[in-house]
Structures are given as structure tokens and as C-alpha cells.
Amino acid sequence: MRLRILGTAAGGGLPQWNCACPGCARARAAGPRAWRTQECLAVSVSPDAWYLVNASPDDRAQILAAPGLAPPDGTRHTPLRGVLLTDGELDHTAGLLALREGAALDLYAPPAVLDALDGPFPLRTLLAPYGSARWHAVGSGPGEDALLLDGGRLRVTPVPVSDKRPRYASGTVAPGPWVVAYRFDDTATGGAAVYAPSLARWPDTLDAALAGADCLILDGTFWSEDEMGGARAMGHLPVDGPGGTLVRLRDHQDVRCLYTHLNNTNPLADPASPERTALVGTPVEVPSDGMEIEL
Ligand code: MLT
Ligand code: MN
Ligand code: ZN
């Protein structure tokens with residue numbers, strides 16, 4: 001299984017277009033090689049079939065930067081087969097608008113998110129005339145079967161996480177889950193990875209999903225509770241502090257852990273910060289955009 005971490009920033013990216021906070025100013029001064037695009041992952045178990053997890057507003061540039069996602073020579077064809085949505089946030093869904101020129105895609109999301117994309121953010125209605133998107137509901141119940149993709153070799157198991165709904169859907173009453181994580185198993189190599197970029201809480205089912213996993217890519221939006229007026233109020237467990245994700249990772253010392261969805265306030269985004277250097281020698285990493293992992 002090949003994972004390509006296409007983007008590693010929270011909504012807005014790093015630097016954010018309208019911001020000169022210390023993190024954005026540092027990134028702007030360092031130049032484009034230090035920049036982070038909005039969070040997105042690509043997963044594949046065979047070269048001619050890739051799946052995105054989330055569709056970031058930066059997905060066009062992310063796909064262009066990924067050699068494995070290029071169309072084969074002389075063709076108008078894409079190895080992109082589908083997109084799995086962890087939730088309905090704008091920074092995870094708006095990029096679907098940029099994929100409308102492609103072939104039919106299979107699109108997966110929890111039922112509440114499918115409803116929201118028919119209602120307050122009517123992406124499904126907007127995209128319908130442009131191609132044959134096939135929408136599928138996932139993650140609606142604990143006993144739900146895993147998806148078998150790419151001829152059955154790639155097993156995808158949704159893990160319900162929380163009922164945090166996008167701001168545009170705050171008035172809707174659909175039952176959750178609104179946010180899921182995904183476990184990916186390559187049934188040929190035995191490699192397993194869990195992708196959990198939005199953790200308003202740490203469900204017990206996430207610990208269970210990490211059993212035997214090689215790698216976890218998780219929500220690193222905020223380093224501390226006191227960023228942006230409260231990490232938890234924004235729907236993200238902070239990395240540091242009591243109940244933060246670093247403490248939870250101590251139960252999973254044998255799993256390679258990579259933080260993604262970094263907000264521009266998070267000192268982990270700065271390679272020279274003391275918070276970042278303290279991670280050296282631990283199983284916890286902060287990837288750059290474009291990092292690939294083979295499992
Ligand atoms: C989030 O990650 O909390 C959301 O993407 C925030 C937002 O942009 O509305
Ligand atoms: Mn976000
Ligand atoms: Zn900023």
C-alpha cells in the first residue's frame with residue numbers, strides 16, 4: 001500500500017492568504033517550499049487505482065505534484081477512482097468541484113454528510129450535471145461492513161469519531177456520525193494505516209482500530225488548548241496537555257504517528273520550534289506535503 005500525504009495544513013493553509021501571524025509570516029518569508037496545502041491523503045494498492053481521502057480546495061495542485069496520480073502518457077484518463085470523505089467540512093469537500101472534469105468517481109461519506117451535501121452545501125446537486133458521481137454511505141453503524149476497493153485488495157473500515165458538524169450545517173438535525181476516521185488494510189502485504197484528521201474526541205473505537213496498524217496519521221490542528229480561542233471549542237483535541245493526543249499516543253508506542261491538518265498557530269509547523277525538536281527520537285513525526293509511505 002502506498003500513502004501520499006498530499007496536504008498537511010488545516011483550512012486556510014500555511015501561510016493563510018489573509019494572515020501575518022508569526023507562523024504565517026515565517027512561512028511566507030521562507031518561500032513556497034515551506035508552505036503547506038490543505039489536508040488531503042491519497043491511498044493506493046495498485047498503480048492504476050488511487051483514492052483520495054478528502055478533497056481539499058488545493059487538490060488540483062496536489063494531484064499535479066504527485067507523479068503517481070498523473071494520467072498515463074497520451075491519454076485523457078486518471079488513476080483516481082474515488083474519494084472518501086471523513087466529514088463535510090469545506091476544507092475537505094470544496095475540492096470536489098475541481099474534479100468535475102474527470103471520469104466517474106465513487107464518493108464515500110457518512111449519511112449525515114451526504115444529507116448536508118444535498119442540503120445546506122448542495123454539492124451533489126451542483127455536480128450531478130457534470131458526470132456520473134456515484135455516492136455511497138459509509139460508517140453509519142458500528143457493525144457496518146468494511147468496503148472492499150480495487151478488486152478487494154484494499155479494505156477500508158470507517159471508524160465513527162464524533163458528531164461535530166460543519167458550521168454551514170449547524171442548523172441541521174441529522175443523526176451522526178458526522179466525522180469518521182478510516183483504517184486501510186492492504187490485504188496482500190498486511191500493511192495497515194489509520195487516517196484520523198479530525199478528532200474532536202478520542203473514541204475507544206480508535207484505540208481498537210489501531211490494533212496491528214503500522215501507521216496513524218492524525219489531527220494535529222492545535223498544539224495547545226489555548227490557540228484560536230480554544231482548541232476543543234473548535235472541535236480539535238490539542239496535541240499537548242492533559243487529554244491531548246500525545247498522551248493518547250503513549251498507548252500506541254509501536255505505531256508510527258504523523259500529525260496533519262496543522263493550523264498556522266501550531267508551533268509544530270515550524271521545523272525549528274522547541275515543540276518540534278522535542279519530537280526527534282520519538283515515534284511521532286510532522287510530515288511535509290508530498291511525503292510518501294509504503295506499507
Ligand atoms: C475545522 O477543521 O475545524 C474546520 O475545517 C474549520 C472551518 O474551516 O470551518
Ligand atoms: Mn478543517
Ligand atoms: Zn496565520
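All of the points below concern the structure found in this document. (Residues numbered from 1 in each chain as written. Chains lettered and ligands numbered in written order. Predicted model: local features only at pLDDT ≥ 70, side-chain atom pairs only at ≥ 80, totals over all residues. Heavy atoms only, no water.)

**Points about the site of ligand 1**
Piece 1. Every residue close to ligand 1 is listed here: Glu89, Asp91, Lys164, Arg167, Met234, His236 and His261.
Piece 2. His236 places a side-chain nitrogen or oxygen 2.7 Å from an oxygen atom of ligand 1.
Piece 3. His261 is positioned with one of its side-chain polar atoms (N or O) 3.2 Å from an oxygen atom of ligand 1.
Piece 4. When isolated, ligand 1 has an accessible area of 270 Å², and the protein chains bury 74% of it.
Piece 5. When each cavity is represented as a set of grid points, ligand 1 is found to reside in the largest pocket. (Near = heavy atom within 4 Å. Polar contact = N/O pair within 3.5 Å; in protein donor to acceptor, adjacent residues only side chain to side chain. Areas by Shrake-Rupley, 256 points an atom, 1.4 Å probe, with all protein chains shown as cover. 1 Å grid on protein atoms, 1.4 Å probe; cavity = no way out; pocket = protein on both sides within 12 Å on 5 of 7 lines; lining within 4 Å. Sits in = over half its atoms within 2 Å of the grid points.)

**Overview of the pattern of salt bridges**
Piece 1. Enumeration according to the criterion identifies 15 salt bridges in this entry.
Piece 2. Taking the shortest distance from any N to any O, the salt bridge between Arg124 and Asp118 comes out at 3.2 Å.
Piece 3. Ionic pairing is found between Asp185 and Arg183, a salt bridge with its closest N-O pair at 2.9 Å.
Piece 4. Each of the salt bridges in this network shares a partner with another, and the network as a whole consists of Arg2, Arg4, Glu292 and Glu294. (Salt bridge = Lys/Arg side-chain N within 4 Å of Asp/Glu carboxyl O.)

**Quick notes on the coordination of the manganese ion (ligand 2)**
Piece 1. Note on the manganese ion (ligand 2): its protein donors are Asp91 (OD) and His261 (NE2). The metal-donor distances range over 2.1 to 2.2 Å. Of this pair, Asp91 sits in helix 3 (residues 90-93) while His261 is found in the loop between strand 12 (256-260) and helix 8 (274-277), placing the two residues 170 residues apart along the sequence. Of the two residues examined, Asp91 and His261, each falls in the buried class. (Donors = N, O, S within 2.8 Å, 3.2 Å for Na, K, Ca; no water. Helix = DSSP H or I, 4+ residues; strand = E, 2+ residues; numbered from the N terminus. Buried < 20%, exposed > 50% of the residue type's maximum accessible area, 1.4 Å probe, protein only.)

**Considerations on empty space enclosed by the protein**
Piece 1. Applying the stated rule across the entire model yields one cavity of 30 Å³ or more.
Piece 2. Approximately 150 Å³ is the volume found for the largest cavity.
Piece 3. Leu99, Arg100, Ala103, Leu105 and Ala133 are, among the 13 residues lining the largest cavity, the residues nearest its centre.
Piece 4. Partitioning the lining of the largest cavity into residue classes produces nine nonpolar, three polar and one charged. (Points joined across faces, edges and corners; volume = space filled by probe spheres on them. Nonpolar A, V, L, I, M, F, W, Y, C, P; charged D, E, K, R; others polar.)

**With respect to the coordination of the zinc ion (ligand 3)**
Piece 1. Distances from the zinc ion (ligand 3) to its protein donors, Cys19 (SG), Cys21 (SG) and Cys24 (SG), fall within 2.2 to 2.3 Å.
Piece 2. As a motif over one chain, the donors of the zinc ion (ligand 3) read C-x1-C-x2-C.
Piece 3. Under the relative-accessibility criterion, Cys21 is labelled buried at 18%.

**A short note on the nonpolar core**
Piece 1. One finds Leu52, Leu96, Trp202 and Leu216 to be the most contacted residues of the largest nonpolar core, which totals 61 residues.
Piece 2. For this core, the leading source of residues is helix 4 (residues 111-116), giving four residues.
Piece 3. With 24 residues, the next largest nonpolar core counts Val138, Leu147, Leu154 and Ile293 among its residues. (Core = buried A, V, L, I, M, F, W, Y, C linked by side-chain atoms within 4.5 Å.)

**Focus on the pairing of strand 1 (residues 2-7)**
Piece 1. Within strand 1, five of the six residues are buried, leaving the element largely enclosed by the surrounding structure.
Piece 2. Pairing geometry for strand 1 and strand 14 (residues 291-294), over four bridges, is antiparallel. Pairing of Arg4 across the sheet is with Glu292, part of strand 14.
Piece 3. As paired elements, strand 1 and strand 2 (residues 40-46) share five bridges and run antiparallel to each other. Bridge pairing in strand 2 places Leu3 opposite Val43. (Pairing = 2+ DSSP bridges.)

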